[in-house]
Each structure stands twice: as C-alpha cells, then as structure tokens.
Amino acid sequence: MGTRDALRLGSIAQIHGLIGRPPPAHPLISVIAASWQEPLRIEIPIIGRPIESGLYVISLKRGDECHAEFGRQVHDGQAGIIVFASPGQVITPIGGESELAHEGEGWTVVFHPDALRDTPLADAMHQYRFFGYATHEALHLTRPERETFTGLVRQIERESSVPPDAFAPDVLSAQLQLLFTYCQRAYARQIEVRARAGGVAERLDRHLDACFASAAQVEGGLPTVRSCARALGYSPDYLSDLLRAETGTSARDHIHRALIEAAKARLLASDASASAVAYALGFEHPQHFSKLFRQKTGQSPGEWRRAAKGPTTRRETSA
C-alpha cells in the first residue's frame with residue numbers, strides 16, 4: 001500500500017496501535033495526543049496520507065505543532081483553536097513526521113458512535129452542528145474557555161482509562177454532553193461577533209442574483225444551501241448559523257425568499273406562463289414552483305400577477 005492510499009480507521013484500538021499506545025482500557029473512547037501524556041510514536045508513515053475515520057474527533061490545537069488537511073481545507077494549528085471531525089470525514093496530516101510527536105498544550109478526544117448507543121445523547125447529536133463545520137470555521141477559545149475545556153477532557157480521560165462498567169455509558173455520555181454544550185456556548189459567542197460585522201446576507205444576495213441571471217446556473221438547477229455555501233467559502237451549517245444570527249432566518253429560507261422575489265420580477269415583466277418562469281429560475285418541475293410560491297405568498301403565481309398588475313382599462317382590454 002502506497003503512502004497516498006487512504007488509511008481507514010474504524011476503532012480506538014486501531015488508533016492506539018497507530019500511535020504506539022497499548023490497547024485502550026475503554027474500546028469506544030480515548031483521550032490521546034495530550035500534553036500531559038507521553039509523546040506519540042507513529043508506527044507507520046501517515047504524512048500526506050488521507051485518513052478516513054469512522055470516529056468523532058475533537059481536537060484542541062495550540063502553536064504550530066501539527067498541521068492537517070481536512071477535505072480541501074488546510075488547518076494550521078494556532079493557539080486556542082478546536083477542530084471537529086465526524087465519521088466519514090477525510091483528514092490528511094501534512095508537514096514533517098516530527099510535528100506529530102507531541103501536541104504541545106493540546107489534546108484530542110476520539111470516540112466511536114457506539115459509545116453513545118442507548119443514551120439520550122445519541123438522539124441529540126444532530127443539534128451539535130459544529131461537527132459539520134469546515135476546519136477554517138474552527139472554534140477560537142478564550143483562555144478561560146480553554147482551561148474549562150481542558151478540565152472536562154481530563155475528566156473524560158480518567159473515566160475512559162478504566163474498563164467500563166454498567167455506569168460508564170451514562171457517565172461518559174453526560175461528560176461529552178457537557179463538553180458539547182460548552183462548545184455550543186463558545187460558538188454562539190463567536191458567530192454572534194461575526195454576525196454583528198454583517199455582510200454575509202449581502203454576499204449571499206449578490207451570489208443569488210448572479211445565479212438567477214446566468215443561463216448556465218439555471219441549467220444546473222436551483223441554488224441550494226450547499227452550493228451557496230461552497231460559493232461563499234463556508235460549510236452549509238456554518239452559513240446557515242451565521243445568517244440566522246445576522247438576519248434571523250436560515251440559509252434555506254433566505255434562498256427561498258430570493259427565489260420568490262426573482263419570480264415576482266419575472267411575472268411582472270412579462271406574460272410568460274408560470275411554468276416558463278419556473279423553468280427560467282431552475283425548477284425542474286413547475287408544480288414545485290407553484291407550491292413554494294403559494295406557501296410564501298398565499299397566492300398562486302397567476303393570482304399574484306393579476307393582483308399586482310391590477311385591473312386593466314376597457315381600452316387596454318379591447319386593444
């Protein structure tokens with residue numbers, strides 16, 4: 001296997017073997033690469049090698065001790081940054097092997113989805129949207145936050161360093177949930193600060209205007225949250241969270257509003273049928289356009305146009 005072939009990691013035991021650690025006490029969760037532990041001993045070459053993990057990863061980076069490429073984005077570990085990865089994400093370590101020997105003052109928590117099985121946290125994971133954020137949308141911590149997070153991770157490490165008993169799933173679930181809640185609080189602060197600076201909604205509006213004016217874009221279908229996020233340089237969840245903080249609406253609602261406004265302009269500017277307007281905007285099925293239009297305006301496209309244009313005069317009618 002070449003160094004560029006993907007390395008697939010599906011268990012905590014595999015990771016421990018990769019970094020020269022003994023088998024884990026708990027098979028589903030571990031705290032590794034922490035400043036208070038022995039330096040890592042990488043057993044096989046991984047620099048420049050894509051790693052596809054079936055695990056959740058939460059990692060605090062400080063200094064320039066480690067660089068990694070998450071998908072197409074490069075993360076250069078700076079002070080007080082937490083990056084997240086979810087099962088299925090590809091991570092590629094880049095740089096020199098010596099950079100992987102120690103994580104400075106950082107730490108990494110890895111856990112298998114099965115660690116949450118039959119716990120309330122398993123059903124609540126969807127609310128922790130930061131696991132879907134791109135690495136350049138990493139969480140920037142204040143010093144007090146970093147100390148709080150590290151204290152929680154030390155507790156998780158102590159719990160995961162002994163063989164699990166009947167209480168272990170509930171204890172670890174509660175500890176992880178508390179950690180995630182602190183992440184939510186810190187992200188809320190970060191997103192609020194960026195939202196106050198504004199500009200995201202305006203950039204999205206300009207992008208959508210360009211989409212609706214482009215024949216090539218229309219042929220490619222309707223703009224989606226994913227396509228808009230990619231164009232603006234965000235992950236879909238982060239874009240939606242930024243917009244919600246800035247405008248009170250999600251990215252999906254923002255796109256729908258822009259679609260309806262573009263549709264209204266076309267309905268007033270011509271006598272084209274609702275189907276023609278739908279196709280011009282990128283709808284594949286006109287009935288979907290009519291349904292969305294009625295949901296947002298309370299009227300069909302034809303009803304709205306007739307009301308907006310008003311009654312015609314007798315002379316106009318006879319002409």
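For the structure itself, consult the block above.
Please read these numbers as outputs of a predicted model, since none were measured by experiment. (Residues numbered from 1 in each chain as written. Predicted model: local features only at pLDDT ≥ 70, side-chain atom pairs only at ≥ 80, totals over all residues. Heavy atoms only, no water.)

K.L.:
Honestly, the nonpolar core in this entry has me stumped. Any pointers?
P.N.:
Nonpolar side chains in soluble globular proteins tend to end up buried together. Counting residues in each nonpolar core, the largest one holds 60 residues, and the members touching the most others are Ile 58, Phe 111 and Phe 180. Sequence-distant contacts of Phe 111, that is, excluding residues within four places in its chain, are made with Ile 12, Leu 28, Ile 29, Leu 55, Tyr 56, Ile 58, Leu 116, Met 125, Leu 176 and Phe 180. With 14 residues, the next largest nonpolar core counts Ile 12, Ile 19, Ile 51 and Leu 55 among its residues. (Core = buried A, V, L, I, M, F, W, Y, C linked by side-chain atoms within 4.5 Å. Buried < 20%, exposed > 50% of the residue type's maximum accessible area, 1.4 Å probe, protein only. Contact = heavy atoms within 4.5 Å.)

K.L.:
What am I meant to see in the packing of helix H5 (residues 200–213) against helix H8 (residues 236–247) here?
P.N.:
Packed helices, taken two at a time, are described by their axes: the angle between them and the distance between them. Packing of H5 against H8 leaves a shortest axis separation of 9 Å and a crossing angle of 115 degrees. Contacts between H5 and H8 involve Val 200, Ala 201 and Leu 204 from the first element and Leu 239, Leu 242, Leu 243, Glu 246 and Thr 247 from the second. Looking at the contact of H5 with H8 residue by residue, the class counts come to six nonpolar, one polar and one charged. (Axes fitted to C-alpha atoms, helices over the stretch in contact; angles between N-to-C directions. Helix = DSSP H or I, 4+ residues; strand = E, 2+ residues; numbered from the N terminus. Nonpolar A, V, L, I, M, F, W, Y, C, P; charged D, E, K, R; others polar.)

K.L.:
Hey, could you run me through the sheet that holds strand E7 (residues 81–85) in this one?
P.N.:
Note on sheets: strands pair through backbone hydrogen bonds, and any given pair is parallel or antiparallel. If you walk across this open sheet you meet the five strands as E2-E9-E4-E7-E10, and the pairing is antiparallel. One side of each edge strand has no neighbouring strand; the edge strands of this open sheet are strand E2 (29–32) and strand E10 (139–140). Judged from the five bridges that link them, strand E4 (residues 56–61) and E7 form a sheet pairing that is antiparallel. Within E7, the position partnered with Ser 59 by the bridge is Val 83. Each of E2, E4, E7, strand E9 (107–111) and E10 is contacted by helix H3 (residues 143–160), which is oriented at about 130 degrees to E2, the strand it contacts most. (Pairing = 2+ DSSP bridges.)

K.L.:
Even after reading the chapter, I still don't get helix H10 (residues 274–281), so can you show me in this structure?
P.N.:
Three- or four-residue spacings in an α-helix give side chains the same orientation, since the helix completes a turn every 3.6 residues. Taken as a whole, H10 has its buried residues at Val 277, Ala 278 and Leu 281. In an axial view of H10, the angular spread of the buried residues amounts to 100 degrees, which keeps them on one side of the axis. Backbone geometry just after H10 places Gly 282 at a positive phi near 110 degrees. (Arc of directions from axis to C-beta.)

K.L.:
Please clarify how unusual backbone geometry should be interpreted in this entry.
P.N.:
Residues apart from glycine generally show negative phi values, whereas peptide bonds are mostly found in trans. Positive phi outside glycine occurs at Asp 118, with the angle close to 65 degrees. Within the fold, Asp 118 resides in the loop between E9 and helix H2 (120–124). Using a relative accessible area of 75% as the deciding quantity, one classes Asp 118 as exposed.

K.L.:
Can you walk me through helix H11 (residues 286–297) in this structure?
P.N.:
Its twelve residues give H11 an end-to-end C-alpha distance of 16 Å, which sits within 8% of 16 Å, the value for a rise of 1.5 Å per residue. Considered for burial, the residues of H11 that qualify are Pro 286, Phe 289, Leu 292 and Phe 293. Projected down its long axis, H11 shows its buried positions confined to an angular sector of 125 degrees, all on one face. Relative to its buried face, H11 has exposed residues pointing more than 90 degrees away, namely Gln 287, Lys 291 and Gln 295. Buried positions along H11 lie against helix H9 (251–269), H10 and helix H12 (301–309). Directly after H11, the chain includes Gly 298, whose backbone phi takes a positive value near 80 degrees. (Expected span 1.5 Å × (residues − 1).)

K.L.:
Hey, could you run me through the packing of aromatic side chains in this one?
P.N.:
Aromatic ring pairs are defined here through the distance separating the ring centres and the angle between the ring planes. Applying the stated rule across the entire model yields 19 aromatic pairs. Seen from their ring centres, Phe 84 and Phe 131 are 5.6 Å apart, and the 80 degrees between their planes marks the pair as edge-to-face. On the criterion of sequence distance, the pair formed by Phe 84 in strand E7 and Phe 131 in the loop between H2 and E10 is long-range, its members being 47 residues apart. Across this residue pair, the class does not change: Phe 84 and Phe 131 are buried. Consider the rings of Phe 84 and Tyr 187, whose centres lie 6.1 Å apart with planes at 40 degrees: the pair is tilted. Placement of Phe 84 in strand E7 and of Tyr 187 in helix H4 (residues 168–197) is noted, with a sequence separation of 103 residues between them. When sorted by exposure, Phe 84 lands in the same class as Tyr 187, which is buried. (Phe/Tyr/Trp six-rings, centres within 6.5 Å; stacked < 30°, edge-to-face > 60°.)

K.L.:
What is the right way to read the pairing of E2 from this model?
P.N.:
In E2, alternate side chains face the same way, and those of Ile 29 and Val 31 on one face and Ser 30 and Ile 32 on the other are all buried. Of the strand pairs in this sheet, E2 and E9 are connected by four bridges, and their pairing is antiparallel. Looking at the pairing, Ser 30 lines up with Val 110 of E9.

K.L.:
Just to check I follow, could you spell out the side chain of His 254 for this structure?
P.N.:
As for its placement among the helices and strands, His 254 is situated in helix H9. Here His 254 falls in the buried class, since its relative accessible area comes to 5%. Excluding anything up to four places from it in sequence, His 254 contacts Ala 201, Leu 204, Asp 205, Leu 208, Leu 243 and Thr 249.

K.L.:
Any chance you could explain the pattern of salt bridges here in plain terms?
P.N.:
Should their charged atoms come close, side chains of opposite charge can pair. Counted under the stated rule, the structure contains 13 salt bridges. In this structure, Asp 241 and Arg 129 form a salt bridge, with 2.9 Å as the shortest nitrogen-oxygen distance. In this pair, Asp 241 sits in helix H8 while Arg 129 sits in the loop between H2 and E10, placing the two residues 112 residues apart along the sequence. By relative accessible area, Arg 129 is classed as partly exposed at 28%. Among the ionic contacts, a cluster of salt bridges with common partners joins Arg 129, Asp 237, Asp 241 and Arg 244. (Salt bridge = Lys/Arg side-chain N within 4 Å of Asp/Glu carboxyl O.)

K.L.:
Before we go on, may I ask you to explain the side chain of His 112 in this structure?
P.N.:
Structurally, His 112 can be placed in the loop between E9 and H2. Within the structure, the side chain of His 112 is placed 2.9 Å from the backbone nitrogen of Asp 114, a separation counted as a polar contact. Look past the residues within four positions of His 112 in its chain and what remains in contact with it is Gly 10, Leu 28, Gly 54 and Leu 55. (Polar contact = N/O pair within 3.5 Å; in protein donor to acceptor, adjacent residues only side chain to side chain.)

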